Amino acid sequence: MTVWLPSLLALLLAAGLLWQWRRTRQRRQVLQSEPLSEPERTLLETRIAAAAWMSPAQRARWYQQVQRFRHGKRWLACGGHVLDEEQRLLIAGLACLLRLQDGAEQQPLFPEIRELLIYPEAFLVPPLHEPLEEGLELVDDAPDERIGEQGPGQVVLSWADVEAALAGDPVNVVVHEFAHALDEENPAGEGAPPMPRALAAEWAEVMGAEYARLQRHRRPPVLDKYGAQSPGEFFGVVSEAYFQQPAALHRHHPALFSLLARYYGLVAPVA
Ligand SMILES: [Zn+2]
């Protein structure tokens with residue numbers, strides 16, 4: 001009896017954990033399919049400018065996607081941040097601007113990202129390099145300051161910078177990091193997320209030419225020079241420009257504007 005008792009206890013514990021996991025999953029699925037409340041819709045529409053660009057069908061899809069995102073991901077407050085429901089809703093609202101294409105509600109929603117870590121403001125990450133030897137003096141071993149980061153399974157964001165984006169700042173850290181997440185869904189090419197076949201040739205041509213142009217430009221008028229370091233960063237930067245400064249992007253980069261309008265399936269007004 002003493003031999004099999006621990007095994008029985010372990011089995012009961014495993015069964016209990018499995019039951020709890022299934023219950024959490026079921027609860028999340030129920031929440032994901034519930035409609036947004038009227039005040040929640042009003043909050044999204046008043047704080048996120050791109051809501052005004054949507055057709056009624058797109059807006060309905062957006063609400064659905066926001067619920068899937070909000071209740072389908074794990075949220076963690078970091079660095080003493082107090083994360084509330086309004087913040088989760090607005091971050092979900094910004095991220096889901098990138099997944100409003102026809103039929104997107106039937107597809108996995110940022111499947112590479114399982115959790116979001118939210119800091120109150122810019123956060124520090126350790127330097128990439130390590131001292132080679134004990135006692136070796138390093139010229140630059142200060143931690144890097146970031147406002148957002150995307151890594152395996154997670155996106156890290158500074159809430160202060162999300163608020164700046166909502167207020168119209170050209171930098172939109174949520175759009176930038178989730179553009180990286182889309183990019184990762186196609187491991188075959190950097191700066192080339194999964195897309196309809198009809199768009200692929202034009203994507204390669206326009207993005208390639210505009211990337212080379214940004215690399216040559218000393219003081220680009222719209223696009224952040226940060227995008228010139230890799231095709232992946234370029235995709236993040238042009239996506240930010242599309243959502244934050246559509247009229248200027250249209251004026252200076254009409255081909256890029258047109259390509260992104262078709263890729264995101266959401267046409268920004270440029271008048
Ligand atoms: Zn980036």
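Before reading further, recall that the structure is shown in the block above.
Right, let's walk through the structure included here. (Residues numbered from 1 in each chain as written. Predicted model: local features only at pLDDT ≥ 70, side-chain atom pairs only at ≥ 80, totals over all residues. Heavy atoms only, no water.)

1. Structural notes on the coordination of the zinc ion
Okay, step 1: For the zinc ion, the protein coordination sphere consists of His-176 (NE2), His-180 (NE2), Glu-233 (OE) and Glu-233 (OE), at 2.1 to 2.7 Å.
Okay, step 2: The motif formed by the donor residues of the zinc ion, counted along the single chain, is H-x3-H-x52-E. Here His-180, found in helix α6 (residues 173-184), pairs with Glu-233, found in helix α8 (residues 231-244); they are 53 residues apart in sequence, far enough to count as distant.
Okay, step 3: The class of Glu-233 is buried, set by a relative accessible area of 14%. (Donors = N, O, S within 2.8 Å, 3.2 Å for Na, K, Ca; no water. Helix = DSSP H or I, 4+ residues; strand = E, 2+ residues; numbered from the N terminus. Buried < 20%, exposed > 50% of the residue type's maximum accessible area, 1.4 Å probe, protein only.)

2. Points about unusual backbone geometry
Okay, step 1: Phi angles above zero are rare outside glycine, and Phe-110 is one such case at about 45 degrees.
Okay, step 2: Mapped onto the elements of the fold, Phe-110 is located in the loop between α4 (85-95) and β2 (115-119).
Okay, step 3: Judged by its relative accessible area of 0%, Phe-110 is buried.

3. As for the layout of surface pockets
Okay, step 1: By volume, the largest pocket amounts to about 520 Å³.
Okay, step 2: For the largest pocket, the lining is made up of 22 residues, of which His-176, Glu-177, Tyr-226, Glu-233 and Glu-240 are closest to its centre.
Okay, step 3: Elements that contribute at least two residues to the lining of the largest pocket include exactly β4 (144-146), β5 (148-151), α6 and α8.
Okay, step 4: A volume near 260 Å³ is recorded for the second largest pocket.
Okay, step 5: Lining the second largest pocket are 13 residues, and of these Arg-99, Gln-101, Gln-107, Pro-194 and Met-195 sit closest to its centre. (1 Å grid on protein atoms, 1.4 Å probe; cavity = no way out; pocket = protein on both sides within 12 Å on 5 of 7 lines; lining within 4 Å. Points joined across faces, edges and corners; volume = space filled by probe spheres on them.)

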